[in-house]
Each structure stands twice: as C-alpha cells, then as structure tokens.
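Take a look at the letters that make up each chain.
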Amino acid sequence: MGIAGTREVGQMADVVSAARPTRRERTWRWLPAAILVVLLVAAIGVFVTVRQAVDDQNGRILRERTGEIGLLLKSAVGNIPATMSGLGVASRLGSDPAQAFLREAHIQPGLNPTQTVALVHRSGGRLVVQAVAGVPTLGTGDVLTGSRAGAVDRALAGRTASTSVLGRGRTRVIGFAVGPPTTAPNTAIYLQAPVDPAAAAHSPVTHARPFDELSVVLYASPRPEPSQLVLATAPTPLHGQVVRQTIAVGGRSWLLAAAAAGPLVGTFANAVPWVILGVGVVIAIISAGVLLLFQRRRDYALAVVDVRTRELAQSMAELEETQEKLVFQERLAAIGQMAAAVGHELRNPLAVLTNTLYLLRAGFSGVEAERLGRHVDRAEREVGAAVVIVESLLEFARAREPLDENVDLGDLVDEALSVAPPPEAVEVVREGLDAAVVRADHQQLRQVLLNLVTNAYQAMDGDGVLSVGARATPDGGLELTVSDTGSGMDAETAAQVFDAFFTRKAKGIGLGLAVTKRIVDAHGAAIAVDSAVGIGTTFALTFPPARVAEAVPT
Amino acid sequence: VSVLVADDELGMRETLTDILSQSGYEVHEAADGEAALDAILGDHFDVVVMDVRMPGRDGVSVLREVGSPPPAVILMTAYASESQLAEARRANPFAVLRKPFPVPQLLGLVASAIEAAR
C-alpha cells in the first residue's frame, strides 16, 4: 500500500502543478482600459468629423445669411439719400432755397424726429449751414468742418457721402450728405442721425429673418473700432464663428460682422455630433465594464481554484503525513520483526565464537598449532559477521541522509576486507581501485561494501574468487563491481534480492541488500545484479558523474 | 565412542569436532540434513549432535526419519521462541540446546547420553 499510495499522491501533485500556468492569463488586465480608450478615441473621432461637417454647414449658412443682411443694410442705407433727395429738389426749385427746404422738411413724412437735416451751401471755400430742420444739433450759419465737411465736399462732387461716427457716448451721431444734381450747385443736404447701437437689439427689424438667427454688428469703418459701432444685436465682440463682410456706404467701407446666435442647421443636426459622442462614450464604458466584469468573475473563479488547490495541497500534505506515520509504524513493526531475526542470527556466530574461545582457553594441547591459527581467524570472521548484522540492523532503523565526503574506494575495500576478512581459500582480485574517489557517505558506503563482500563469501562457501573493481562509465560516472564465483541465483531470486527480509540462504535475515539498495538510492547511484546459477554473481554499483571526485585512469 | 556432528555451518562443525575430539570421541561430520540422515542410516553413532535449521532437510525431520532404534540425538537451535523449542522437543531428542551454549554443558549431555545408551 505504501509505495502505491506514494505514487498516486505524486501524480495528483503533478496535475495540480500543471493547472498553474492559467495564471499567466491575468496579464490581460489592461484589456478593459484599452477597449475603453479605443472606443473613446473612435467616438471622439466620429464626433469631430460630424461636428466639422455641421460646422461647415453652419458656416455656409452663416455666410449666406450675412450676405443677405449685407444687402438689406446696403439697401436701407441707400434709402437715406432717396429721402433726402426730395429736400434737395425742393430747395433747388424755390426762389428762396432755405425757405423751400424748411417747408419741405416739415411736410416730409419719412423724416425721423431724432434726426437733424440741414441745407449747406459752399461759398468762398466754406461750408455754411443755411437752414436746419428736426433736432437742432446744428444752427443756421454754422460752418461745417472735419468729417462733416469731408462728407459734404464729396456730396458736392456728385456722390452721396457719409461721415464716420462722430461724438461720444449718448451724443454719438452719423451724417449723410447729398449734393448735385439732386440739389443746386454748391448746395448739399446734410442729414445727421443719432447712433444708438443698443437700440438695434430691441428693434423689431432685428427680430425678423434673417436677423433673428444671427448676432450682427455693424461698424462705420472697415475695422472693428468701438467708436464706430453703429449697430449691435448682441454684446461685442462676437463669439464663435464670425463672418465679416465689407459693404460700401456713402463712399466709405463699413464692416459687417455676423455670428450665429443659434444653430443655423437646426437643433437636431447640431446635436447629432454630441449624440454620437454620448452614445460612443456609453458604449465604450459599457464594453469596458462588461469586460471588467468578466475579468472579475474569472479572477474570482481563479481565486476559488487557488483556494481549492491550497486545500487540496493541504489534504495531500495531511495524507502524506498520515502515510509517513503508517510507513513509520510499518517500519517499527519491521524493526520488531528484525530484532527477532537478528536475535536468532546473532546466536549462530556467537555459538561459534563461544566454541572457539573454549578451544583457545583449553590451550588446545592436542591439536596442531596450524589449526589453532585457523580458529583464531575464524573467531575474527565471526565477529565480523556479527558486526555486519548489527550494523545492518542499525542502518535499517536509522535511515539518515548520506554525508558528502571524499571516499577513496581502494581504502574502503581495504577497510571492508579487514572488518570481514576473506576465508583463507578465497582469492581476492582488485582492479582499477587506485585513485578511484567518489563523493559519498563513508560509513554508509562501507556498510554497502561489507554487505556485498560478506554475501559473496557466503555464496562461495569458503572457496572461490572475489573480484572488486572500479572503472569509468561512458557518461563520466564510475562503476564499482563486486563479483564472486559462488553458487549464483536464478532470475526470480535475483529480482527479489533487494527486498527487505528476503533471503534464500539458510542463514541471514535478508536485510543486507535492502539496506544496500536504500543507501545506494540515497546517494543518487544505482545498483544492479547479474547472476547465473553455478557461475557466480556480480553486483554493479554505478555512481553518477556528479558523485565522481577523481577520474579513474583508464 | 563415535559422535556425528551435523551442522551446515563450517565454523560450528569444526569447533564442535575439535572440542569433541579433544574429549576423546571419534567425530564424524555432516554438512546438511541429507548427509546426516545418510550417515546415521549407514553407520552406528552413539551420539548425534545436530543443528535444527539446515538447508534441504532440517534436524527435526532427520530425527523423525531415523526411526528405531534411535541414537541419542542432541538438537541445537538458534531459534529464539518457546514454540520453536517446543516443536523441536516433540521430535523426542535426548536434549535440546539453545545456541550459544556453554561447551561443558554439551560435553555433560554427550557423556550422559552415552551413559544412558549403555
């Protein structure tokens, strides 16, 4: 049971360790983040593209609307000289131009009450106001200068003209002048109107198409100078996409700037990019979230597997422990069995020793001295046999880890042969033992050699050749052989010689080779037996290259 | 007076032979059970000193085969347990000795066996 159980536990341990590599898949940690980033980038890309298209459309419509507004403004400004032309014609027709002008001015229906209209005459290089109607911001006899004079001069030259925005704050005004041929030569009509940009925001005009969709700012100059601000439907400066257009008013360049007050393409079209972005972000977050969820689940599953694996390992450890206890108890039982066997086996050599000692003590008077020597020799050998048995017993019960020391095989063979001297008719042949050194436990290896040598003696029954040799193996290891010319064994017996308590001898407890095998295994070496009935037996002990301390000279 | 020493172990055989020879007996040797049986059936021995455990045929078996008139057989055994000793005694030997035994005890038993046979 013990050996089979050990093998099973070993296989289970293999299965458990084979399941370990799945943990490497945990390196896909970055995947949810990567998916999130990729989807977000894609969503932003689509958003930017669609937004660009919407902006392009917005810009195109803005430019169209701004053009329309430019035309509207141009025509509105163009109406001013038409209003003034009636006054000019009237002033020219009457005998007294000033009286005719005033009369006409009072009945002129289009004249705004906030405006000032003046009849200006050029005499001697000076522009003198001859008559004033409407708000009296000018007086009769005033001489026009600066921008007003410039405008009137251009009007006198035959072109409708306008001034820049004059004054500051609430008194800001702008003037228009009309001259011949509408008026008499050297006579011009000058109209001055207050400028209130803010008023435009409340004007009904700016709440109608196309103004309602745009924020419009108009400057009486080609550049956006705050002092020249004429009209503003929204606070300046404008934000967002701004379209600027220059329009010609009264010989001057005015700047029209317009921006979309709201989405020109429609609220839905404008919202599409944001919808795309929103949906994209949601999809990205959901995808990453689902993936993360799966990973969490897998992590949980792996954690469960880890826990189970640990539990399994613990169970196996407990099982091994139990098994070790069982093996230990089996070993204790075996030791008990062995103690009985040893007790028996020690009796034989001790009986011989007892007899021998008796003979020695008796002085051995009747027997020749040569025979006395043989008895002494025998006594030594029997003591050696007892030593081997006792050491086998101790070695089997102890089972310690081998030490790692240099063991000279030649010296070791000498030592073994002195502890267990060969019977006198046994010839010992040594081969290749010089400079054969291995890394091994000296005490244990001595036990191995004693077991093999005493086995050989017994197999040869006191007569034969014992060969002990060492030689290098092809892979750099070292092989130690112990051969005898004894009775040999059949294959069945040879297959069991290393089993504990197996013996085919009339004497012996069957422990020597079991101990030998265990020591050899503990050294990482190998032992093999080759035997033929009637020819002899060879035990070959092979040390791996790692155990060889010095190369054997070949 | 002739004595047969039957033991598979050479050391035991030789020491017993020398001990018994020294005491003035004519000693013959047998190395296993079959040889012992052959010797006993072939020759007359006053006393047989025989080991129980031998290869092939053991001492108890030899004793049972010998039949009558049986020589005085002193069995020697290294077996430790009482049951094994009892089994040896059931074969009706002259005596059973437990190895190792004091040599004078063996010599005393051999002498009394010869005495009893006369």
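Keep in mind that this is a model prediction, so the values were computed, not measured.

Asks: Got a minute to help me understand the overall build of chain B in this structure?
Replies: The secondary structure content of chain B amounts to five helices and five strands. Counting helices and strands in the order they occur from the N terminus, chain B gives β-α-β-α-β-α-β-α-β-α. Put simply, chain B has 118 residues, and 53% of those count as buried. The long-range fraction of contacts in chain B, counting pairs at least 24 apart against all pairs at least 6 apart in sequence, stands at 56%. Total accessible area on chain B is roughly 5100 Å²; 48% of this is exposed by carbon and sulfur atoms.

Asks: When you look at the sheet that holds strand β13 (residues 464-472) of chain A in this model, what are you seeing that I'm missing?
Replies: Working definition: the strands of a sheet are paired by backbone hydrogen bonds and lie parallel or antiparallel to each other. All names here are of chain A. Spatial ordering of the open sheet is given by β11-β13-β14-β16-β15, a layout of five strands whose pairing is mixed. Edge positions in the open sheet fall to β11 (426-431) and β15 (526-532), since each of these has one partner strand only. Strand-to-strand, the axes of this sheet are offset by a mean angle of 10°, without reference to chain direction. One ladder, built from six bridges, connects β11 with β13; its direction is parallel. The residue bridging Arg430 from the neighbouring strand is Val468, located in β13. The sheet contacts of helix α8 (residues 409-419) involve β11, β13 and β14 (478-484), and relative to β11 the element is tilted by about 170°.

Asks: What is the right way to look at the nonpolar core in this model?
Replies: Soluble, globular proteins show a tendency: their nonpolar side chains are buried together. Residue and element names in this part refer to chain A. With 46 residues, the main nonpolar core has Leu409, Val438, Leu445, Leu466, Leu480 and Phe543 as its most contacted residues. At nine residues, helix α9 (residues 442-460) tops the list of elements feeding residues into this core. In this structure Leu445 touches Val407, Leu409, Leu412, Val438, Ala440 and Phe543, once residues within four positions along its chain are discounted. If you look at the next biggest cluster of nonpolar residues, it comprises 36 residues, including Val77, Leu87, Val117 and Ala133.

Asks: Would you explain the packing of aromatic side chains in this entry?
Replies: The geometry of an aromatic ring pair is captured by two quantities: the separation of the ring centres and the angle between the planes. All names here are of chain A. Here the structure, examined in full by the defined rule, presents two aromatic pairs over all chains. Aromatic pair Phe498 and Phe539: ring centres 6.1 Å apart, planes at 75°, arrangement edge-to-face. Linking Phe498 in the loop between α10 (491-496) and α11 (512-522) with Phe539 in strand β16 (residues 536-543), this pair joins segments that are 41 residues apart in sequence.

Asks: How do you make sense of the pattern of salt bridges when you look at a structure like this?
Replies: Opposite charge on two side chains permits pairing when their charged atoms draw close. Under the defined criterion, the tally for this structure stands at 14 salt bridges over all chains. Between Arg60(A) and Glu64(A) there is a salt bridge, with the nearest N and O atoms lying 3.1 Å from each other. In this pair, Arg60(A) and Glu64(A) both sit in helix α2 (residues 31-93), four residues apart, roughly one turn of the helix. What makes Glu64(A) partly exposed here is its relative accessible area of 40%. In this structure, Lys99(B) engages Asp7(B) in a salt bridge whose closest nitrogen and oxygen atoms are separated by 3.2 Å. Here the residue Lys99(B) occupies a position in the loop between β5 (95-98) and α5 (103-117), and Asp7(B) occupies one in the loop between β1 (2-6) and α1 (10-22), the gap between them amounting to 92 residues. Given the relative accessible area of 1%, Lys99(B) is considered buried. Given a relative accessible area of 0%, Asp7(B) falls into the buried group. Here the residues in one salt-bridge network are Asp404(A), Arg439(A) and Arg547(A), joined through shared partners.

Asks: Which parts of the structure should I look at to understand α1(B)?
Replies: An α-helical turn contains 3.6 residues, so a residue and the one three or four places further along point in the same direction. Taking 1.5 Å of rise per residue, 13 residues should cover 18 Å, and α1(B) covers 18 Å from first to last C-alpha, within 8% of that figure. Burial in α1(B) covers these residues: Gly11(B), Met12(B), Arg13(B), Glu14(B), Thr15(B), Leu16(B), Thr17(B), Asp18(B), Ile19(B) and Leu20(B).

Asks: How should I be thinking about the interface of chain B and chain A in this particular structure?
Replies: Frequently, the measure chosen for interface size is the accessible area that the parts lose on association. At the junction of the two partners, chain B supplies 23 residues and chain A supplies 24 residues. Counting each side, the surface lost to burial between chain B and chain A is near 2100 Å², with a carbon and sulfur contribution of 55%. Applying the counting rule to chain B against chain A returns zero salt bridges. Between the two partners, chain B and chain A, sit two residue pairs in polar contact (both at pLDDT 80 or more). Those elements that provide at least two residues to the side of chain B that touches chain A are α1 and α5 of chain B. When residues of the side of chain B that touches chain A are assigned to their parent elements, the largest contribution, nine residues, is made by α1(B). Its residues placed into classes, the side of chain B that touches chain A shows 13 nonpolar, three polar and seven charged.

Asks: Would you explain the packing of helix α2 (residues 33-42) of chain B against helix α3 (residues 59-66) of chain B in this entry?
Replies: In a packed pair of helices, the relevant descriptors are the angle between the two axes and the axis-to-axis distance. All names here are of chain B. Put simply, α2 and α3 touch, their axes get as near as 9 Å, and they point 25° apart. On the basis of their axis angle, the class for α2 and α3 is roughly parallel. When the axes of α2 and α3 are compared, the crossing they make is right-handed. When α2 is examined against α3, the residues Gly33, Leu37, Ile40 and Leu41 are found in contact with a partner set consisting of Val62, Glu65 and Val66. By residue class, the composition of the contact of α2 with α3 is five nonpolar, one polar and one charged.

Asks: What is the right way to read the sheet that holds strand β1 (residues 116-123) of chain A from this model?
Replies: All names here are of chain A. Pairing within the open sheet is antiparallel, and its five strands lie in the order β2-β1-β5-β4-β3. Both edges of this open sheet fall to β2 (126-134) and β3 (161-162), since each of them pairs with a single strand only. Here strand β4 (residues 173-178) pairs with strand β5 (residues 187-194) via six bridges, running antiparallel. Following the sheet pairing, Phe176 is matched in β5 by Leu191. Along the sheet, helix α4 (residues 146-156) makes contact with β1, β2, β3, β4 and β5, crossing β5 at roughly 140°.

The rules behind each value
Residues numbered from 1 in each chain as written. Chains lettered and ligands numbered in written order. Predicted model: local features only at pLDDT ≥ 70, side-chain atom pairs only at ≥ 80, totals over all residues. Heavy atoms only, no water. Helix = DSSP H or I, 4+ residues; strand = E, 2+ residues; numbered from the N terminus. Buried < 20%, exposed > 50% of the residue type's maximum accessible area, 1.4 Å probe, protein only. Contact = heavy atoms within 4.5 Å. Areas by Shrake-Rupley, 256 points an atom, 1.4 Å probe, with all protein chains shown as cover. Pairing = 2+ DSSP bridges. Axes fitted to C-alpha atoms, helices over the stretch in contact; angles between N-to-C directions. Core = buried A, V, L, I, M, F, W, Y, C linked by side-chain atoms within 4.5 Å. Phe/Tyr/Trp six-rings, centres within 6.5 Å; stacked < 30°, edge-to-face > 60°. Salt bridge = Lys/Arg side-chain N within 4 Å of Asp/Glu carboxyl O. Expected span 1.5 Å × (residues − 1). Buried area = accessible area lost by both parts, 1.4 Å probe. Polar contact = N/O pair within 3.5 Å; in protein donor to acceptor, adjacent residues only side chain to side chain. Nonpolar A, V, L, I, M, F, W, Y, C, P; charged D, E, K, R; others polar. Parallel < 35°, antiparallel > 145°, perpendicular 65-115°, else oblique. Left-handed = near helix turned anticlockwise from the far one by under 90°.

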